[in-house]
Amino acid sequence: MWRLYQETPNYTKVGKMVKRDPGTVSKYVREYEAAIRAAAVVLHAKEKE
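A quick note: this is a predicted structure, and the numbers were derived from the prediction, not measured.

Chemist: Hey, could you run me through helix α2 (residues 11-18) in this one?
Modeler: For an α-helix, the turn length of 3.6 residues means that residues three or four places apart are oriented alike. Of the residues that open α2, the one with a side-chain oxygen 2.9 Å from the backbone nitrogen of Thr12 is Asn10. The first or second residue beyond α2 is Lys19, which carries a positive phi of 55°.

Spelled out as structure tokens, the structure:
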């Protein structure tokens, strides 16, 4: 879903493509982006050690 959202930044269109509710698409996209940000923070902290 995240990849499709990057191509078509519209939750409704992605939802129609994968036959899911736009709210579900939004949830997964936000969770994925939060995980990426958290990993970046951890990697950045390890570089400082």
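Alright, that's what it looks like, and here's the rest.
Chemist: Whenever I open this one, unusual backbone geometry confuses me. Can you help?
Modeler: Trans is the prevailing form of peptide bonds, just as negative phi is the prevailing case for residues other than glycine. With a phi close to 55°, Lys19 is a non-glycine residue in the positive phi region. For Lys19, a relative accessible area of 73% puts it in the exposed group.

Chemist: Even after reading the chapter, I still don't get the packing of aromatic side chains, so can you show me in this structure?
Modeler: Two descriptors summarise a pair of aromatic rings, namely the distance from one centre to the other and the angle between the planes of the rings. Per the stated rule, a full pass over the model turns up 2 aromatic pairs. Between the aromatic rings of Trp2 and Tyr32, the centroid separation amounts to 5.0 Å while the plane-to-plane angle is 40°, which identifies the pairing as tilted. Of this pair, Trp2 sits in helix α1 (residues 2-7) while Tyr32 is found in helix α3 (residues 22-48), placing the two residues 30 residues apart along the sequence. Note on Trp2: relative accessible area 32%, which makes it partly exposed. Look at Tyr32 and you get partly exposed, because its relative accessible area is 38%. Arranged with centres 4.7 Å apart and planes meeting at 10°, the rings of Tyr5 and Tyr11 form a pair that is stacked.

Reading the values: rules and limits
- Residues numbered from 1 in each chain as written.
- Predicted model: local features only at pLDDT ≥ 70, side-chain atom pairs only at ≥ 80, totals over all residues.
- Heavy atoms only, no water.
- Polar contact = N/O pair within 3.5 Å; in protein donor to acceptor, adjacent residues only side chain to side chain.
- Helix = DSSP H or I, 4+ residues; strand = E, 2+ residues; numbered from the N terminus.
- Buried < 20%, exposed > 50% of the residue type's maximum accessible area, 1.4 Å probe, protein only.
- Phe/Tyr/Trp six-rings, centres within 6.5 Å; stacked < 30°, edge-to-face > 60°.

Shape is all these values report; function is a separate question.
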